[in-house]
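Listed below, chain by chain, are the residues.
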Amino acid sequence: MPFSADNDYEATSWEDLQRLLFQDTWDARIGRFRSPFVYRGGRSRHFQLDTSLQRLGGEYQNLEHHLLRNFRKYARETSLPTATTSTWDWLALAQHHGLPTRLLDWTYSPYVALHFATDDLAAYHEDGIIWALNYVKAAEHLPQRLRQALQAEGSNVFTSELLQPVSSSLRELEELQAEPYVLFLEPPSLDARIVHQYALFSLMSTAQSVLHDWLANRPDLYFRIILPARLKWEVRDKLDQANITERVLLPGLGGLSRWLHRHYSPRANGKNFLDENEMR
């Protein structure tokens with residue numbers, strides 16, 4: 001299903017991008033800027049919201065149980081005690097370490113989303129995209145039992161501890177409501193990467209449900225910001241100045257190396273990323 005053109009905004013400058021990123025974040029009830037949106041950045045405007053499980057292709061929905069079962073069986077060195085870990089903790093841990101799952105990564109931070117829209121220099125010839133999804137309104141589409149659990153907790157998103165008593169498995173989640181729905185799950189603080197990226201996951205009620213198709217029928221729940229290719233270098237430089245880098249978001253030597261590799265890479269026109277006088 002096509003997306004509404006009314007939901008797409010193309011940033012014309014860095015200043016215009018700030019306006020778009022923080023639109024509709026004023027909460028008059030409390031007199032504060034408290035955004036109801038979560039964000040996901042893509043290096044290409046053509047990136048949609050299919051999961052790593054869906055990208056496997058074939059009868060992927062029949063593989064989900066086996067993937068997670070074998071991950072749990074063969075995992076040995078985890079920070080979570082296997083005797084007390086819920087399905088939701090295992091699913092978050094698996095996603096965090098690259099197993100194909102039905103989870104999608106999101107962040108509460110629009111700047112973290114911008115980072116992932118501009119971290120690949122090989123994609124600077126194409127427009128990027130930022131998805132903004134209203135997770136507060138999305139919760140209104142949850143089954144009654146899940147809505148009641150959130151209301152009793154005074155929350156708009158789930159933790160594994162909050163979700164487990166209501167639904168302890170993926171099958172139970174699907175059985176709560178015939179119509180597909182999405183919920184948001186905050187993972188445990190598995191490591192500094194989860195914390196620094198201000199991360200959470202979206203979780204569809206069935207493996208086959210595609211979030212961008214679900215949203216296309218609900219245009220009041222999202223908007224998208226197109227980041228023109230011509231703005232990517234400026235955005236990237238200003239994010240680096242604001243300390244939104246791989247060194248911070250991917251703590252460890254791997255993140256440090258990725259940041260330095262990108263930081264010192266030449267532009268397509270042959271100019272160094274840093275002026276010669278700034279090299280150090």
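Residues numbered from 1 in each chain as written. Predicted model: local features only at pLDDT ≥ 70, side-chain atom pairs only at ≥ 80, totals over all residues. Heavy atoms only, no water.

Enquirer: Go over the overall build of the chain with me, naming the residues and quoting the values.
Expert: Along the chain, the regular secondary structure elements total 13 helices and 10 strands. By the compact-globule yardstick of 19 Å for 280 residues, the chain fits well, its C-alpha radius of gyration being 20 Å. Projected onto the principal axes, the alpha-carbon positions of the chain cover approximately 60 × 45 × 40 Å. Intrachain contacts of the chain at a sequence separation of at least 6 include 72% that bridge at least 24 residues. (Helix = DSSP H or I, 4+ residues; strand = E, 2+ residues; numbered from the N terminus. Rg over C-alpha atoms; globule rule 2.2 N^0.38 Å. Contact = heavy atoms within 4.5 Å.)

Enquirer: How would you sum up the packing of helix H2 (residues 64-74) against helix H3 (residues 87-96)? Please name residues and give values.
Expert: Axis separation between H2 and H3 bottoms out at 10 Å; the angle between their running directions is 90°. Classified by the angle between their axes, H2 and H3 sit roughly perpendicular to one another. Across the interface between the two elements, Leu68, Phe71 and Arg72 of H2 pack against Thr87, Trp90, Leu91, Leu93 and Ala94 of H3. (Axes fitted to C-alpha atoms, helices over the stretch in contact; angles between N-to-C directions. Parallel < 35°, antiparallel > 145°, perpendicular 65-115°, else oblique.)

Enquirer: An account of the nonpolar core is needed here, citing residue identities and associated values.
Expert: Residues Leu146, Phe158 and Leu183 are the most contacted members of the largest nonpolar core, which totals 27 residues. For this core, the element with the highest residue contribution is H3, accounting for 6 residues. (Core = buried A, V, L, I, M, F, W, Y, C linked by side-chain atoms within 4.5 Å. Buried < 20%, exposed > 50% of the residue type's maximum accessible area, 1.4 Å probe, protein only.)

Enquirer: Kindly report on the confidence of the model for the chain, identifying the contributing residues and their values.
Expert: Overall, the predicted model of the chain reaches an average pLDDT of 90, with 90% of residues at or above 70. pLDDT under 50 marks residues 273-280. Its contacts with residues more than four places away, or in other chains, come to 14 contacts. (pLDDT = per-residue confidence, 0-100.)

Enquirer: Before we move on, could you go through the packing of helix H1 (residues 14-21) against helix H4 (residues 110-118) and cite the residues and values that matter?
Expert: Closest axis-to-axis distance for the H1/H4 pair is 11 Å, and the angle between their directions is 125°. For the element pair H1 / H4, the angle class is oblique. Taken as a pair, H1 and H4 cross one another with a handedness that is right-handed. Taking contact as the criterion, the partners of Leu17, Gln18 and Leu21 in H1 are, on H4, Pro110, Tyr111 and Leu114. Of the residues in the contact of H1 with H4, the class split is 5 nonpolar, 1 polar and no charged. (Left-handed = near helix turned anticlockwise from the far one by under 90°. Nonpolar A, V, L, I, M, F, W, Y, C, P; charged D, E, K, R; others polar.)

Enquirer: Run through H1, naming residues and quoting values.
Expert: Among the 8 residues in H1, 6 count as buried, and that is most of the element. Here the buried face of H1 lies against strand S1 (8-10), strand S4 (37-42), H4, strand S6 (128-134), strand S10 (222-227) and helix H11 (232-241).

Enquirer: I'd like a description of the side chain of Thr118, backed by residues and values.
Expert: Tracing the chain through its elements places Thr118 in helix H4. Given the relative accessible area of 0%, Thr118 is considered buried. Thr118 has contacts with Tyr124, Leu227, Lys232, Val235, Arg236, Leu239 and Arg262, leaving out every residue within four places of it along the chain.

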